[in-house]
Amino acid sequence: MDERFDRRVVVVGGVVFAVLMALSTRYGYQRDELYFLDCARHLQPGYVDQPMLAPLLARVSLELFGTWLPGLRLWPALAAGATVVIGGLTAREFGGTRRAQLFAAVGVATMPALWAASHVANTTPYAVLALAALAFVVARIGRTGDVRWWLLGGLVTGLGLMNNHQAGFFALAVVLTGGRRAVLNRWFAAGVAIAAAFVVPELWWQAQHHWATVEMTRQLNRENGGLGNAPVWVVGQLLMASLALVWVWAAGLWHLWRSGRPLWRALAWAYGLLFALYAVTTGLKVYYLMGAYVYLLAAGAVAVDGWLHARGRRVVGVALAVCTAVFAVLLLPVLPPTGIGREHKMDDTLADTVGWPQLVATVGSVWSSLPPEQRAGAVIFTENYAEAAAVNELGRGLPTAVSGHNSQWWWGPGNPAATTVVAVGPGSDPEYAGYLARYFTDVREAATITNPYGVPNIESGGHVWVCTGLREPWPQLWPRLRHYD
């Protein structure tokens, strides 16, 4: 292959990075971002709901920038830009011309799911990057036969496993379907060893914490999986890339299947196997396979390059521009905050970036209203990790809040001598006062949670309660307050 890399691909990736950074100050912290900041202050090899990469990057942000929102969102913006570049590089490995490389990069850059995921600093942007980068390595080995690239594949897989476990599932699917010649060699074994080295610390943590992630995964599968949610998964896949380019990634899937190269065909197999697996087990989490559309768009750009150049450039260009504009308004923080919310059907992530300072102020007012002697024997307890993290990251002067949710339960109950609990519950759980009544004889509603924009989200309409009359001492209650979801 003598086709050179098209440097315009890097420009497209840079535009995506610049747009995300320009919007990084909009609204406020998203609930998972607050949680990762809290995790960053309890840095450890693993957590109940993810490995350590996202909290580690949050810790770097805290060290470099403090609690500055653009500093935290720098990492997902970089990941999104890099994913675009990898899309162009992968098209080149599939034999794409410079024109096809550019089209692949534009296709990845206009993925609505990529924008939605990369505007906030959660685990998804890094999962997409890891899967796309691993597919690039597989594509290169499939083209060149140079198995030394498995060393990079092992590094990419290991870093991906430090973020979540989706990279491992994808790697396993490729290995199982890629043919013996590609994997029965010392370079592949070395790559496996590199990947495994990244996993050992988390496995140690899991063993020390009763394999908490296994229990968490089972709970998530019960909530999001099952055949009843499979149709949501199928429809959701159509929204991963631009609607104007569904036919392109479908052509890419067919192109890989008909390629005659075992590893390229393994990429098609991996997509199909994981499509079926996730449809049944995690149907409502439609973004779990997002990274696969990077290499499918790359393969599709190569497959349709000739026809597109000869006949379809204008039609596809107009359709892509319209879809990009519509989905940008729906998924990126470009509207005033009053224009988002639960009725904003496309994405709840934006709604969950609104109202945290007001929640913290409400909790602070209830806390301050307690007599000093009562505050000395009190603790702030929240239903979910985001509420506790918001108090801890934004509530200067307030005591450290605790929660029974996911990893925060493992960090302990706070004041062991607590006789008063200031409890925070979201509007999404109207029965939370009844839940508190199991553990306290007196549950008094003290305040209601609102936000100035009237945006309906998980927290809006929730309450703050002052709970006294513990039915058991607070440390003895703590084991019963744990919940994974």
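Up top you'll find the structure we're talking about.
In this report, the structure presented in the accompanying data block is examined.

1. Let's talk about the sheet that holds strand β4 (residues 440–448)
Pairing within the open sheet is mixed, and its 5 strands lie in the order β2-β1-β3-β5-β4. Every other strand in the sheet has two partners, leaving β2 (402–403) and β4 as the edge strands with one partner each. Two strands pair when backbone bridges link them, and β4 and strand β5 (residues 463–470) are joined in this way by 7 bridges, in the antiparallel orientation. The residue of β5 that forms the bridge with F440 is L470.

2. Quick word on the pattern of salt bridges
Overall, the coordinates contain 12 salt bridges when judged by the stated rule. E93 serves as the salt-bridge partner of R140, at 2.7 Å between the closest nitrogen and oxygen. Placement of R140 in helix α7 (residues 124–144) and of E93 in helix α4 (residues 69–93) is noted, with a sequence separation of 47 residues between them. You can call R140 buried: its relative accessible area is 19%. The partner of D305 in a salt bridge is R99, with the nearest N and O atoms 2.9 Å apart. With D305 in helix α17 (residues 305–331) and R99 in helix α5 (residues 98–109), this residue pair connects regions lying 206 residues apart in the sequence. Among the ionic contacts, a cluster of salt bridges with common partners joins R92, E93, R140 and R143.

3. What about the pairing of strand β3 (residues 420–425)?
Among the 6 residues that make up β3, 6 are buried, leaving the element largely enclosed by the rest of the structure. Side chains of β3 alternate between two faces, with T420, V422 and V424 and V421, A423 and G425 buried alike. Across 5 bridges, the pairing between strand β1 (residues 378–382) and β3 is parallel. When the sheet's bridge partners are listed, A378 is paired in β3 with T420. Pairing geometry for β3 and β5, over 5 bridges, is antiparallel.

4. Regarding the packing of aromatic side chains
For any two aromatic rings, the description comes down to two numbers: the centre-to-centre distance and the angle of the planes. For the coordinates displayed, the defined rule picks out 24 aromatic pairs. With a centroid separation of 6.1 Å and 85 degrees between ring planes, the pair formed by F136 and W149 is classed as edge-to-face. Remark: W149 occurs in the loop between α7 and α8 (150–161) and F136 occurs in helix α7; sequence separation between them is 13 residues. Residue F136 is classed as buried on the basis of its relative accessible area, which comes to 13%. For W149, a relative accessible area of 24% translates into the label partly exposed. Here the aromatic rings of Y271 and F275 are separated by 5.8 Å at their centres, their planes lie at 50 degrees, and the arrangement is tilted. Taken as a pair, Y271 and F275 lie in helix α15 (residues 262–281) at a separation of 4 residues, close to a single helical turn. Across the ring face of W264, the terminal group of R261 is positioned such that the distance to the ring centre comes to 4.6 Å.

5. Here's the deal with helix α13 (residues 230–237)
Those residues of α13 lying buried are A230, W233, G236 and Q237. Viewed along the axis of α13, the buried residues span an arc of 125 degrees, placing them on a single side of the element. Among the structural elements, α14 (246–257), α15 and α16 (292–303) are those in contact with the buried residues of α13.

6. Describing helix α2 (residues 31–40)
Counting buried residues in α2 gives 10 out of 10 residues, a clear majority hidden from the surface. Listed as buried for α2 are R31, D32, E33, L34, Y35, F36, L37, D38, C39 and A40. Contact partners of the buried residues in α2: α3 (53–65), α4, α18 (356–369), α20 (385–394) and α21 (407–410). The distance from a side-chain oxygen at the start of α2 to the backbone nitrogen of D32 is 2.8 Å, and the residue carrying that oxygen is Q30.

7. Examining the nonpolar core
Of all hydrophobic cores here, the largest spans 87 residues; its most connected members are F94, M111, F170, L256, L267 and Y295. With 11 residues, α7 is the single largest residue contributor to this core. Apart from residues no more than four positions distant in its own chain, L256 is found in contact with F94, W264, R265, L267, A268, Y295, L296 and A299. Core analysis: the next-biggest nonpolar cluster, separate from the first, contains 45 residues, M52, L57, L74 and A386 among them.

About the thresholds
- Residues numbered from 1 in each chain as written.
- Predicted model: local features only at pLDDT ≥ 70, side-chain atom pairs only at ≥ 80, totals over all residues.
- Heavy atoms only, no water.
- Pairing = 2+ DSSP bridges.
- Helix = DSSP H or I, 4+ residues; strand = E, 2+ residues; numbered from the N terminus.
- Salt bridge = Lys/Arg side-chain N within 4 Å of Asp/Glu carboxyl O.
- Buried < 20%, exposed > 50% of the residue type's maximum accessible area, 1.4 Å probe, protein only.
- Phe/Tyr/Trp six-rings, centres within 6.5 Å; stacked < 30°, edge-to-face > 60°.
- Lys NZ or Arg CZ within 6 Å of the ring centre and 35° of its normal.
- Arc of directions from axis to C-beta.
- Contact = heavy atoms within 4.5 Å.
- Polar contact = N/O pair within 3.5 Å; in protein donor to acceptor, adjacent residues only side chain to side chain.
- Core = buried A, V, L, I, M, F, W, Y, C linked by side-chain atoms within 4.5 Å.

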